[in-house]
Protein chains: 2
Amino acid sequence: MSRFLKPSFEKLVPYTPGEQPKDNKYIKLNTNESPFAPSKKAIAAAKKAAKKLQLYSDPECLALREKLAEIYGAKKEQVIVTNGSDEVLNFAFMTFCDENTPAAFADITYGFYKVFAAVNNVPFVEIPLNEDFTINVNDYCGINKTIFIANPNAPTGIALTLEDIEKILISNPNNIVVIDEAYTGLGAQSAVSLVERYDNLLVTMTFSKTRSMAGARLGFGIGNKDIINDLNTVRYSTNPYNVNSMTLAAGIGSLADEQYTKANCKTIMENRLYTTNELKKRGFSVLDSLSNFVFATHPKLDANELYLKLKENSVLVRHFTLERIKDYNRITIGTKSQMQAFFKILDKICQGDLK
Amino acid sequence: MSRFLKPSFEKLVPYTPGEQPKDNKYIKLNTNESPFAPSKKAIAAAKKAAKKLQLYSDPECLALREKLAEIYGAKKEQVIVTNGSDEVLNFAFMTFCDENTPAAFADITYGFYKVFAAVNNVPFVEIPLNEDFTINVNDYCGINKTIFIANPNAPTGIALTLEDIEKILISNPNNIVVIDEAYTGLGAQSAVSLVERYDNLLVTMTFSKTRSMAGARLGFGIGNKDIINDLNTVRYSTNPYNVNSMTLAAGIGSLADEQYTKANCKTIMENRLYTTNELKKRGFSVLDSLSNFVFATHPKLDANELYLKLKENSVLVRHFTLERIKDYNRITIGTKSQMQAFFKILDKICQGDLK
């Protein structure tokens, strides 16, 4: 820490992203990336844009917003495009939360919410999940706070129904409810269809997971045009050219190839079922996931030790040290052959330990 | 404005970027872009990276930081990489300014400083430039504030010497001094050589201008490792994957082709001289620019009207409405043939008005 750091940041604890090894030796099942390449249309569009980098990217992101609006049944004024969905989430904390409107989110959820609150000096409450890691919807009703819900939740993979989300929206008419749908398209219902009816709803999504574009950094938010306007005021007050032109082009390319995305989602859901079943055969408990990962625990195995042993054997999964989930590992769903290789290694290192 | 916006943002006035027309009909001399394509090595590297977008970009930006450190004579721990230099500038306001350490910058300078201060709730003082738009260095000595100086300044193009910058650094030992070198490489001296000696110096640069990569969004900061650490704490608390993998690759490619960048800089400086001389021939006063733009005024022409007439005739320049500079236009230096076309149109629309 330098002697110039402002005092209110002296205790700021940043987010810890999952390991991103520089070499290729790992079966990488730790950061919920897609095992599939991006759409050929996305790649071709990005390559074309690379030739004209001397000009600024479009700060309005108009062409991409139009395409997103078309696909998600919204108007282009209801869409904001950001540098990954982390950026739109941070903007939501900046824009809609302060000491009088604290944030509220689950105790077990995307670990970044707590950091966004801290960096923006926003008070927050953590609402404990039920014993089985489901959300108790009543805990979120009429609470007079800006609510952040990852749906499906991370790292559990458990999703809320649209009815539950609607109940939360209705009971908090004077507060923004952010539904963070990073893993949409893998079985959970999207709340985007509710945007027309609820002016307090912001749905955030990303191209990182099902669209295989984590490295391109592309996220977006859909909501009432007034709240999108507010978010854009903040965007234009921090970084108006927040999305580069290659990524904008790749996004448009990807949206022109919905069949490819849907086919990949289908495969991931099949591999998720395979992985869940194989884990259960080996005595693991696996939460019901509607994401591209599963969250699993074993009565006889120490989860941290398992994570380390897997890493020694060139498999990366993610382990969190948080008390309530320290007995679990989060395993990203890869290709079928990656998952088969994972089980081969798992069986080898656990041998007699697995029942 | 929505009813959910936090009250402290109700009066937030965002930055207004220069016009970015969607069609190609303009000679675009309004946003200080390079008229040259990026290095072929940059393009090739970006294209290659486009194929592997399913994996997250490197949050440490290690390979690019190593290369930047090598080129700028720094250590990799002294370099932070950001989504354009706007992002590192915003981080500096977030990290080093608060009510007890206000910001200070010129009254005529990069218009975003004021917005960064506002969005971060940082008080600021604007220090008037001299009548001739030069900086009075003594105004910045011992002022106990976090200082932001664009060098060369925008939109004037006028640069400070290294001696002047050193004087400011020495006289403000307990405050960060940010030297914003967006236009480095076009004749002004870089302060990066002072980083080793002054732990209160942060130099920011961008690939947007001389490296022809405005559309890629790539900026960086060089300073003492402790202040870089602080900036990284903020980066990891807002958006750890802030730079996408195509842009990281393009940056490395560009740095492998320094000859190309230098040749382009030389051409721009030649065209700047040509443009300055031609403007003077027509009765304009032109400030001494060490940037890729000139700032010019004419005793008989209304600058706003000229801007509008040029736009009607498919030439975009930039006009600011700020009182002290409302009689000026900022003209980006394009290729020689673009500048010749500009003068042809200028002469046509002004005809008898020019002496």
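Residues numbered from 1 in each chain as written. Chains lettered and ligands numbered in written order. Predicted model: local features only at pLDDT ≥ 70, side-chain atom pairs only at ≥ 80, totals over all residues. Heavy atoms only, no water.

(A) Summary view of the side chain of Gln78(B). Within the secondary structure, Gln78(B) is located in the loop between α2 (62–72) and β2 (79–82). Once you skip the residues sitting within four places of it in the chain, Gln78(B) turns out to touch Val195(B), Glu196(B), Gly221(B), Ile222(B), Gly223(B), Lys225(B) and Ile228(B). (Helix = DSSP H or I, 4+ residues; strand = E, 2+ residues; numbered from the N terminus. Contact = heavy atoms within 4.5 Å.)

(B) Molecular detail of the side chain of Ser34(B). Residue and element names in this part refer to chain B. Within the fold, serine 34 resides in the loop between β1 (27–28) and α1 (40–50). Among the polar contacts made by the side chain of serine 34, one reaches the main-chain amide nitrogen of phenylalanine 36 at a distance of 3.0 Å. In terms of polar contacts, serine 34 uses its side chain to reach the side chain of serine 212, at 2.9 Å. (Polar contact = N/O pair within 3.5 Å; in protein donor to acceptor, adjacent residues only side chain to side chain.)

(C) Main features of the domain arrangement of chain A. All names here are of chain A. When its domains are assigned, chain A resolves into domain 1 (26–36 + 259–350) and domain 2 (40–257). Using only C-alpha atoms to locate each centre, domain 1 and domain 2 end up separated by 26 Å. Tallying the contact residues gives 27 residues for domain 1 and 27 residues for domain 2. Taking both partners together, domain 1 and domain 2 bury about 2,100 Å²; carbon and sulfur atoms supply 59% of that area. Contact with domain 2 buries area across many residues of domain 1, yet Thr261, Leu290 and Arg324 alone supply 30% of it, more than any other trio. Here arginine 324 makes a salt bridge to aspartate 107, at a shortest N to O gap of 2.9 Å. In this assembly, domain 1 and domain 2 are joined by 13 residue pairs in polar contact (both at pLDDT 80 or more). Across the side of domain 1 that touches domain 2, the residue classes tally to 13 nonpolar, nine polar and five charged. (Domains from an automatic or database assignment. Buried area = accessible area lost by both parts, 1.4 Å probe. Salt bridge = Lys/Arg side-chain N within 4 Å of Asp/Glu carboxyl O. Nonpolar A, V, L, I, M, F, W, Y, C, P; charged D, E, K, R; others polar.)

(D) Geometry of the interface of chain A and chain B. Facing the 83 residues of chain A at the interface are 83 residues of chain B. Taking both sides of the interface into account, the surface hidden between chain A and chain B amounts to around 6,600 Å²; carbon and sulfur atoms contribute 58%. When the buried surface of chain A facing chain B is broken down by residue, Phe4(A), Gln54(A) and Tyr56(A) rank first, second and third, together holding 12% of it. For the pair chain A and chain B, the number of links is six salt bridges. Notably, a salt bridge pairs Asp58(B) with Lys22(A), separated by 3.4 Å at the nearest N-O pair. Along the contact surface separating chain A from chain B lie 38 residue pairs in polar contact (both at pLDDT 80 or more).

(E) How the structure looks around the packing of helix α9 (residues 303–312) of chain B against helix α10 (residues 336–350) of chain B. All names here are of chain B. Two numbers describe how α9 lies on α10: the axes approach to 10 Å, and their chain directions differ by 115°. Relative to α10, the element α9 lies roughly perpendicular. Relative to α10, α9 is oriented so that their crossing is right-handed. Every residue of α10 that contacts α9 at Leu306, Lys309 and Leu310 is listed here: Phe342, Ile345, Leu346, Ile349 and Cys350. For the contact of α9 with α10, the class distribution of residues is seven nonpolar, no polar and one charged. (Axes fitted to C-alpha atoms, helices over the stretch in contact; angles between N-to-C directions. Parallel < 35°, antiparallel > 145°, perpendicular 65-115°, else oblique. Left-handed = near helix turned anticlockwise from the far one by under 90°.)

(F) Focus on the confidence of the model for chain A. Of the residues in chain A, 99% have a pLDDT of 70 or more, and the chain-wide mean is 96. ipTM for the predicted complex: 0.96, alongside a pTM of 0.97. (pLDDT = per-residue confidence, 0-100.)

(G) The relation of the copies chain A and chain B, seen in detail. The transform that puts chain A on chain B rotates by 180° and translates by 0.0 Å along the axis, for an RMSD of 0.0 Å. Taken together, these values place the two copies in the relation of a two-fold axis. The C-alpha atom lying nearest the rotation axis in chain A is that of Lys47(A); the distance is 2.5 Å. Here 100% of the contact residues of chain A are again contact residues in chain B; the copies associate through an equivalent surface. (Least-squares fit on C-alpha atoms with pLDDT ≥ 70 in both.)

(H) Examining the packing of aromatic side chains more closely. Within the structure shown, the criterion is met by 40 aromatic pairs over all chains. For the ring pair Tyr113(A) and Phe148(A), a centre distance of 5.8 Å and an interplane angle of 45° mean the geometry is tilted. With Tyr113(A) in helix α4 (residues 112–119) and Phe148(A) in strand β5 (residues 146–150), the pair connects residues that are 35 residues apart, well separated along the chain. Accessibility classification places Tyr113(A) together with Phe148(A) in one group, the buried group. Between the aromatic rings of Phe133(B) and Tyr328(B), the centroid separation amounts to 5.4 Å while the plane-to-plane angle is 90°, which identifies the pairing as edge-to-face. With Phe133(B) in the loop between β4 (124–127) and β5 (146–150) and Tyr328(B) in strand β12 (residues 328–332), this residue pair connects regions lying 195 residues apart in the sequence. Residue classification places Tyr328(B) among the buried residues on the basis of a relative accessible area of 12%. (Phe/Tyr/Trp six-rings, centres within 6.5 Å; stacked < 30°, edge-to-face > 60°. Buried < 20%, exposed > 50% of the residue type's maximum accessible area, 1.4 Å probe, protein only.)

(I) Expanded view of the sheet that holds strand β4 (residues 124–127) of chain A. All names here are of chain A. An order of β2-β8-β7-β6-β5-β3-β4 is seen for the seven strands of this open sheet, with the pairing classed as mixed. For this open sheet the edge positions go to β2 (79–82) and β4, each flanked by a neighbour on one side alone. Ignoring which end each strand starts from, the neighbouring axes of this sheet average 20° apart. Those strands touched by helix α5 (residues 162–171) are β5, β6 (177–180) and β7 (201–206), and its axis lies near 155° from that of β6. (Pairing = 2+ DSSP bridges.)

(J) Quick peek at the sheet that holds β12(B). Residues and elements named next belong to chain B. As summarised here, the arrangement of the three strands in space is β9-β10-β12, forming an open sheet in which the pairing is antiparallel. At either end of the open sheet lies a strand with only one pairing partner, and these are β9 (285–286) and β12. Bridge count between β9 and strand β10 (residues 293–297): two bridges; the pairing is antiparallel. Looking across to β10, one finds that valine 286 is bridged to alanine 296. In the packing of helix α8 (residues 258–281) onto the sheet, contacts are made with β9, β10 and β12, and the angle to β10 comes to roughly 10°.

(K) Local environment of α5(A). Residues and elements named next belong to chain A. Residues of α5 that are buried include every one of Leu162, Ile165, Glu166, Ile168 and Leu169, and no others. Along α5, the residues classed as buried sweep out an arc of 160° about the axis, all on the same side. Structural note: α5 exposes Glu163 and Ile170 on the side pointing more than 90 degrees away from its buried face. Here the buried face of α5 lies against β5, β6 and β7. (Arc of directions from axis to C-beta.)

(L) Focus on the environment of Phe207(A). Residue and element names in this part refer to chain A. Mapping phenylalanine 207 onto the fold places it in the loop between β7 and β8 (219–223). Separated by 121 residues in sequence, phenylalanine 207 and tyrosine 328 place their C-alpha atoms 27 Å apart. Discounting residues that sit within four places of it in the chain, phenylalanine 207 has contacts with Leu64, Leu68, Ser212, Met213, Ala214, Leu218, Phe220, Gly251, Ser254 and Leu255.

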